[in-house]
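# Close look at the chain arrangement
Residue-level listing of the chains:
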Amino acid sequence: MNKDVNLIMKRLCFTVLSILASVTLTSCARFNGSSDSEPTGAIQESSAQIIKSPNDDRDYRYLVLENGLKVLLISDPETDKAAAAIDVNVGNWHDPKDRAGLAHFVEHMLFIQSEKYPKIDGYKHFVEDHGGGSNAYTSDLNTNYHFSVNSDSLRESLDRFAYSIGQPILSEEYVERERNAIESEYRLKFKSDSRRGRAISGATSNPDHPYLKFGVGSLDTLDNKAGKLLQDVKSFYENYYVAGNMSAVVYGKESLLTLEAWARESFSIFPEGNVPELNLDEPVFLPGQRGVRINFEPIKDNRYLTLNFPQPPAQQFYDESPMYLLGFYLGDEASGSLHSLLKEEGLIESLEAYTSGIGNYLSEFSIGIELTDDGYNQIDKIVALVFDHIDLVRREGIKREHFDEAAVMADLSFRFAQKGSAYSLAKALSYRLNHYPPHRVVDVGYGFKHFDEGLIREYLENLTVENLRMYVAAKDQSFDRVEPFYDVRYSIEALDNKLMKRLENPQIQPELSLPQSNPYIPESVELYSMEKEGQTVPELLLEKPGLRVWHLQDATFHVPTSNIHMKFSSPLASDSAASVMKRQILFGMVARQINKYFYPAGYAGLWGTISGTSEGVYLGMSGYSDKQPVLLEMLVSGWETVELTEVDFRRQKKKLKKDLENYSLSKPMTQVSYSFRDTLNPRMYSDKQELAALKNIKLEDIRQFKNQLLSEAHLEVFAHGNVTREHTLAMADTASRLIDRPGSSVRTSVYDLSNVDTLLIPLEVDHTDSVSFLYFQGSENSRTANAQFSLLADLLGPEFFTELRTNQQLGYSVSARSYHVNDRPGLTFMVQSSVAGPDELNSKIYEFLHDQLAVIQQVEQEKLDTLKESLLHRLAAKDRNLGERSNRYWRAILDEDYDFQETKLLAEAVNSVTKEQLIHLFKKSVLADGALSLEVHSVGTNDQTGYSNIKKADKVLCLESCLDDQKVPLI
């Protein structure tokens with residue numbers, strides 16, 4: 001579905017508060033956003049005044065160029081990142097019937113080379129060399145292209161970007177390369193259950209309608225007989241890539257006048273033209289495709305029930321949010337909710353209500369439920385209770401008070417909106433420009449301006465048996481059909497008559513009720529007076545055995561929010577695989593009981609979590625400061641009084657067992673990455689070890705573990721934002737109730753592999769693709785080594801991607817990265833491939849590495865300076881919002897960087913790196929005999945060589961916990 005199509009909300013059950021706003025408390029100010037004189041040459045739409053948050057100091061200007069291209073300019077003098085995006089009104093729905101995936105293929109064919117910049121992949125490399133990245137996606141109705149770059153490099157990046165889309169060189173030379181890339185992308189997610197579910201939705205809809213039809217493309221659908229594919233690409237491109245069918249956003253630090261001049265110069269190359277909207281006379285669903293049960297077979301052994309109700313398009317009702325209250329009532333998790341009732345009866349693991357949509361063509365309201373085994377055997381009962389709750393909403397009415405609560409919170413969210421990623425904003429707004437009034441593109445996601453009970457009821461009345469599409473994903477069902485693209489077995493049949501009669505005659509359930517008033521709505525949003533002017537880094541308020549408390553009052557972002565981080569260190573959390581399993585069961589049981597606090601708090605803009613980690617327990621809160629002490633008391637009391645029952649224990653243990661068994665069905669690169677992590681970390685264990693430990697755990701073990709986990713622990717607290725010292729110390733005191741005796745801080749260690757022979761880890765993964773993963777660990781902990789490895793990764797990464805993915809077409813997932821853990825630097829190289837086995841991949845990686853020595857030796861100083869500048873930009877990146885700053889300081893505290901100077905010192909080390917040092921490092925840590933620390937292989941079914949033929953010379957076969965008994969030192 002479109003990435004930004006459902007602006008009102010996509011996941012209603014997970015709160016709309018961070019993305020919605022209204023005008024209940026403060027009216028939205030209207031800003032021209034321009035201190036410059038009005039530009040010439042723009043047509044009437046350029047006078048649109050963009051509605052923006054009072055907390056937004058950026059300048060905006062909307063204009064339409066002479067060729068018809070819609071453009072939004074955003075000037076942010078403080079930004080250190082620039083970005084741009086172009087959205088084209090063409091997507092999978094526009095594919096010719098005999099060319100599934102053509103829109104996606106056209107996306108791939110752009111950015112290879114352009115008339116003005118003919119160097120192959122020059123645009124991509126230029127952006128990456130200047131601290132940025134680029135990407136694109138093709139959806140049902142649109143294709144979106146976007147990039148970000150260091151703010152000093154916007155001008156040339158923008159020009160390269162525009163010419164890549166506006167004047168690409170579409171050459172036969174690269175057709176086969178991109179066909180293979182499309183096939184790899186398709187095969188990468190061939191066993192994705194979300195892709196399979198989407199495919200079944202399309203397969204059970206009108207075959208003459210493009211709804212959710214296969215849009216990725218494959219070698220078969222994009223065949224190139226007689227060279228016809230390139231002709232189809234050019235025809236498709238010429239028809240749809242015209243200025244009137246596109247919109248663009250440019251975000252930079254320059255003035256609006258300068259940004260406009262650049263946009264006019266670069267975007268004028270797009271030809272004039274318009275494309276009429278799709279004329280879809282066919283209905284999405286035929287009569288026999290509603291009022292049905294659709295069974296399909298997932299890859300993983302999970303059981304899901306989805307109740308889907310097609311709805312009229314709601315995109316135009318962005319100020320009314322008509323389906324919000326439906327999701328609020330049906331997705332509620334507090335006492336008296338449908339979720340609470342089904343959870344108490346042991347029928348579900350989770351429930352969420354959400355909307356989705358495809359432009360002005362269709363909306364859908366869905367209730368997604370993860371079933372327990374008992375729930376799977378009682379699906380009809382669950383569906384009946386859902387319809388009973390729908391009937392309760394009909395009978396008791398749509399409550400204005402609930403809409404008003406959402407409006408209050410939406411207004412606060414808009415009033416105190418903070419900056420985020422320029423990249424994400426440009427991408428989102430470029431889509432919105434094609435679908436919403438230009439002056440509303442910034443605030444359109446903040447609904448609740450008009451309460452329209454009649455409109456809400458129109459959508460409510462579509463939650464009927466006749467309109468229901470009931471999906472059941474489970475293995476042990478009967479199927480009579482096979483979806484052709486993902487090979488999914490499925491069936492579709494009319495709902496059972498007995499069930500239909502029950503649903504048509506809902507019953508009153510005394511346990512069900514509509515939500516009460518939210519106790520977490522903030523009563524005050526004042527900013528506290530600054531207690532200590534000039535404090536820019538956290539201050540240590542209190543240190544004593546077992547407790548350290550850090551505090552930083554921060555009004556930089558002008559928001560009445562704060563972020564609270566608490567880490568309870570306990571060595572018992574991961575001292576064995578059994579402890580890990582006990583911890584996961586315990587926190588699963590705790591979450592079931594205290595979620596009733598989190599859910600309403602989340603709707604009120606206050607988020608909390610309490611979870612187990614490998615180092616102990618993490619408790620965190622973020623959002624409006626006013627009610628944080630109340631939520632903290634609820635969480636601490638919830639932990640102290642949690643009831644650990646046999647029934648709940650069995651459910652959680654059973655779920656954990658199933659999750660571990662399903663792990664073997666994850667993507668190969670996921671399993672390889674986790675195997676690497678588990679081997680390197682002595683406090684992490686394989687799924688097989690955890691399954692063996694899980695078998696013998698009993699309820700009494702969980703009770704004992706809870707009593708012991710924090711019996712001796714160390715608490716680290718950091719409070720940041722709109723919070724006083726007094727409040728910080730009071731919250732630390734509340735949290736300290738959970739600890740019996742002071743303990744020591746725990747920090748995760750990893751094995752030092754510098755004096756260990758190369759380890760080889762072979763994995764068995766049931767997948768067509770193979771994976772090769774190589775890890776080179778540095779030999780020392782130092783800032784100099786960190787700086788050198790980071791620069792080396794930046795130098796090698798883009799070239800590795802281009803050579804192995806683009807040129808050799810070995811796979812869609814290709815990466816080369818720096819990997820720093822506990823101050824020990826390193827490099828990783830990974831390729832997942834459907835066309836080559838591990839040995840061939842390994843050879844290709846080493847062939848690339850050996851070739852790179854000459855490249856590094858010949859690198860120009862200008863190139864090295866550019867890489868340094870890019871890395872320094874990342875290190876010195878400005879905090880865009882309170883959350884980013886909180887997380888940065890929290891990471892420093894966890895890394896024991898108590899002077900908060902590590903980033904500055906690392907930057908100094910980067911500045912001092914020379915080419916000679918990089919050459920020496922590369923020879924010593926990558927090319928030298930024995931430099932490879934660890935190698936993980938997964939042999940795909942497409943590779944016929946098998947495990948027995950994997951080259952093992954000079955490598956030590958490493959199975960589970962191979963380092964645990966060898967007294968390998970820790971870092």
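Residues numbered from 1 in each chain as written. Predicted model: local features only at pLDDT ≥ 70, side-chain atom pairs only at ≥ 80, totals over all residues. Heavy atoms only, no water.

Within the secondary structure layout, Asn-681 lies in the loop between α19 (668-680) and α20 (687-694). Overall, the relative accessible area of 7% leaves Asn-681 in the buried class. Contacts of Asn-681, omitting those with residues within four sequence positions, involve Thr-748, Ser-749 and Tyr-751. (Helix = DSSP H or I, 4+ residues; strand = E, 2+ residues; numbered from the N terminus. Buried < 20%, exposed > 50% of the residue type's maximum accessible area, 1.4 Å probe, protein only. Contact = heavy atoms within 4.5 Å.)

Turning next to the nonpolar core. Counting residues in hydrophobic clusters, the biggest one holds 62 residues, and the most contacted among them are Met-566, Phe-568, Leu-586, Trp-639 and Leu-709. Among the elements that make up this core, the one with the highest residue count is helix α16 (residues 577-603) (12 residues). If you count residues domain by domain, this core takes at least three from each of domain 2 (287-421 + 432-504) and domain 3 (539-741). Those residues in contact with Leu-709 that lie beyond four places of it in its chain are Ser-570, Leu-572, Ala-573, Leu-586, Phe-587, Val-617 and Trp-639. (Core = buried A, V, L, I, M, F, W, Y, C linked by side-chain atoms within 4.5 Å. Domains from an automatic or database assignment.)

Bringing the environment of Pro-313 into the picture now. With respect to the secondary-structure elements, Pro-313 resides in the loop between β10 (304-311) and α8 (324-330). Relative accessible area serves as the criterion here: at 21%, Pro-313 is assigned to the partly exposed category. Sequence separation between Pro-313 and Gly-811 is 498 residues, and the spatial gap between their C-alpha atoms is 39 Å. Not counting residues up to four positions away in its chain, the partners in contact with Pro-313 are Gly-359, Asn-360, Tyr-361, Leu-362, Ser-363 and Tyr-459.

To continue, consider the side chain of Glu-178. Looking at the secondary structure, you find Glu-178 in helix α4 (residues 175-188). Beyond its immediate chain neighbours, meaning those up to four positions away, Glu-178 contacts Phe-105, His-108, Met-109 and Ile-112.

Quick look at the UniProt feature "domain: Peptidase M16 C-terminal" (unreviewed entry) in the protein now. Here the UniProt feature "domain: Peptidase M16 C-terminal" (unreviewed entry) sits at residues 230-406. Structurally, residues 230-406 is divided into 37% helix and 23% strand, and its ends, taken at the C-alpha atoms, are 51 Å apart. (UniProt positions renumbered as here; feature names shortened; annotations may be inferred.)

In this section: the domain arrangement of the protein. Parsing the protein into structural domains produces domain 1 (59-268), domain 2 (287-421 + 432-504), domain 3 (539-741) and domain 4 (758-964). Centre-to-centre separation of domain 1 and domain 2, based on C-alpha positions: 31 Å. Counting from both sides, the interface comprises 37 residues of domain 1 and, opposite them, 28 residues of domain 2. Contact between domain 1 and domain 2 buries roughly 2,800 Å² in total, counting both sides, with carbon and sulfur atoms accounting for 65%. Area buried by domain 1 at its contact with domain 2 is led by Arg-196, Ile-200 and Thr-204, which between them contribute 25% of it. Joining domain 1 to domain 2, the criterion identifies 1 salt bridge. Note that Asp-76 and Lys-419 form a salt bridge whose closest N and O atoms lie 2.9 Å from each other. Inspection of the domain 1/domain 2 interface yields 17 residue pairs in polar contact (both at pLDDT 80 or more). When contributions to the side of domain 1 that touches domain 2 are tallied by element, the ones reaching two or more residues are β3 (59-64), β4 (70-75), β5 (81-88), α5 (193-203) and β8 (246-252). With 8 residues, α5 is the largest single contributor of residues to the side of domain 1 that touches domain 2. (Buried area = accessible area lost by both parts, 1.4 Å probe. Salt bridge = Lys/Arg side-chain N within 4 Å of Asp/Glu carboxyl O. Polar contact = N/O pair within 3.5 Å; in protein donor to acceptor, adjacent residues only side chain to side chain.)

For the rest of this paragraph, the subject is the state of the cysteines. In the structure shown here, the tally under the stated rule is 1 disulfide. Disulfide partner of Cys-958: Cys-962, at an S-S distance of 1.7 Å. Classification of the bridge connecting Cys-958 and Cys-962 rests on its S-S torsion, roughly -70°, and on that basis the disulfide is left-handed. Here the two residues Cys-958 and Cys-962 agree in accessibility, since each one is buried. (Disulfide = S-S within 2.5 Å.)

Take α19 next. With 13 residues, α19 should reach 18 Å at 1.5 Å per residue; the first-to-last C-alpha distance of 18 Å fits that figure. Those residues of α19 not exposed but buried are Pro-668, Met-669, Gln-671, Val-672, Ser-675, Phe-676, Asp-678, Thr-679 and Leu-680. The inward-facing, buried residues of α19 abut α4, β23 (759-763), β24 (770-777), β25 (813-818), β26 (826-833) and β27 (934-938). (Expected span 1.5 Å × (residues − 1).)

Here the focus is α16. Here α16 spans 37 Å end to end across 27 residues, near enough to the 39 Å set by a 1.5 Å rise per residue. A bend of about 55° at Ile-594 is the largest found in α16. With 20 of 27 residues buried, α16 is to be regarded as a mostly interior element. Positive phi appears at Gly-605, one or two residues downstream of α16, with a value of about 75°. (Bend = angle between axes of the 7 residues up to and from the residue.)

Glancing now at the pattern of salt bridges. Scanning all chains against the criterion turns up 64 salt bridges. Residue Glu-178 pairs with Arg-177 through a salt bridge whose shortest N-O separation is 2.8 Å. Arg-177 shares its class with Glu-178; the two are buried. Across the salt bridge formed by Lys-532 and Glu-539, the nearest N and O atoms sit 3.6 Å from each other. Among the residues examined, Lys-532 registers a relative accessible area of 36% and is labelled partly exposed.

Now for the sheet that holds strand β14 (residues 481-483). Strand order in the open sheet formed by 7 strands is β11-β12-β10-β13-β9-β15-β14, and the pairing between neighbours is mixed. If you trace the sheet from one side to the other, it starts and ends with β11 (348-358) and β14, each paired once. Geometrically, the sheet is characterised by an average inter-axis angle of 25° between neighbouring strands, direction not taken into account. (Pairing = 2+ DSSP bridges. Axes fitted to C-alpha atoms, helices over the stretch in contact; angles between N-to-C directions.)

Glancing now at unusual backbone geometry. Backbone geometry places Gln-809, a non-glycine residue, at a positive phi of 55°. Not every positive phi belongs to a glycine, and Asp-823 is a case in point at roughly 70°. Along the chain, Asp-823 turns up in the loop between β25 and β26.

This part is about the UniProt feature "domain: Peptidase M16 middle/third" (unreviewed entry) in the protein. Mapped onto the present numbering, the UniProt feature "domain: Peptidase M16 middle/third" (unreviewed entry) falls at residues 414-693. Here residues 414-693 is 39% helix and 19% strand, with 49 Å between the C-alpha atoms at its ends.

This next bit is on the sheet that holds β25. Judged by pairing direction, the sheet is mixed, and its 6 strands sit side by side in the order β25-β26-β24-β27-β23-β28 without closing on themselves. Two strands close off the open sheet at either side, each with one partner strand: β25 and β28 (956-957). Each of β23, β24, β25, β26 and β27 touches α19; the most contacted strand, β24, lies at about 30° to it.

One way to put it is that helix α3 (residues 154-166) packs onto helix α7 (residues 256-267) with a least axis distance of 9 Å and a crossing angle of 30°. Classed by the angle they form, the pair α3 and α7 counts as roughly parallel. Here the hand of the crossing between α3 and α7 comes out right-handed. Within the contact between the two elements, α3 uses Leu-154, Arg-155, Leu-158, Asp-159 and Ala-162 and α7 uses Leu-259, Trp-262, Ala-263, Glu-265, Ser-266 and Phe-267. The residue makeup of the contact of α3 with α7, split by class, is 7 nonpolar, 1 polar and 3 charged. (Parallel < 35°, antiparallel > 145°, perpendicular 65-115°, else oblique. Left-handed = near helix turned anticlockwise from the far one by under 90°. Nonpolar A, V, L, I, M, F, W, Y, C, P; charged D, E, K, R; others polar.)

Considering all chains together, one arrives at 44 aromatic pairs under this definition. Ring geometry for Tyr-663 against Tyr-674: centres 6.1 Å apart, planes inclined by 85°, an arrangement best described as edge-to-face. Linking Tyr-663 in the loop between α18 (646-662) and α19 with Tyr-674 in helix α19, this pair joins segments that are 11 residues apart in sequence. Note that Arg-888 overlies the ring of Tyr-889, its terminal NZ or CZ placed 4.6 Å from the centroid. (Phe/Tyr/Trp six-rings, centres within 6.5 Å; stacked < 30°, edge-to-face > 60°. Lys NZ or Arg CZ within 6 Å of the ring centre and 35° of its normal.)

By the element assignment, Thr-679 lies in helix α19. Looking at Thr-679, the relative accessible area reads 15%, which means it is buried. Not counting chain neighbours up to four residues away, the residues in contact with Thr-679 comprise Tyr-751, Ile-761, Leu-934, Cys-958 and Leu-963.

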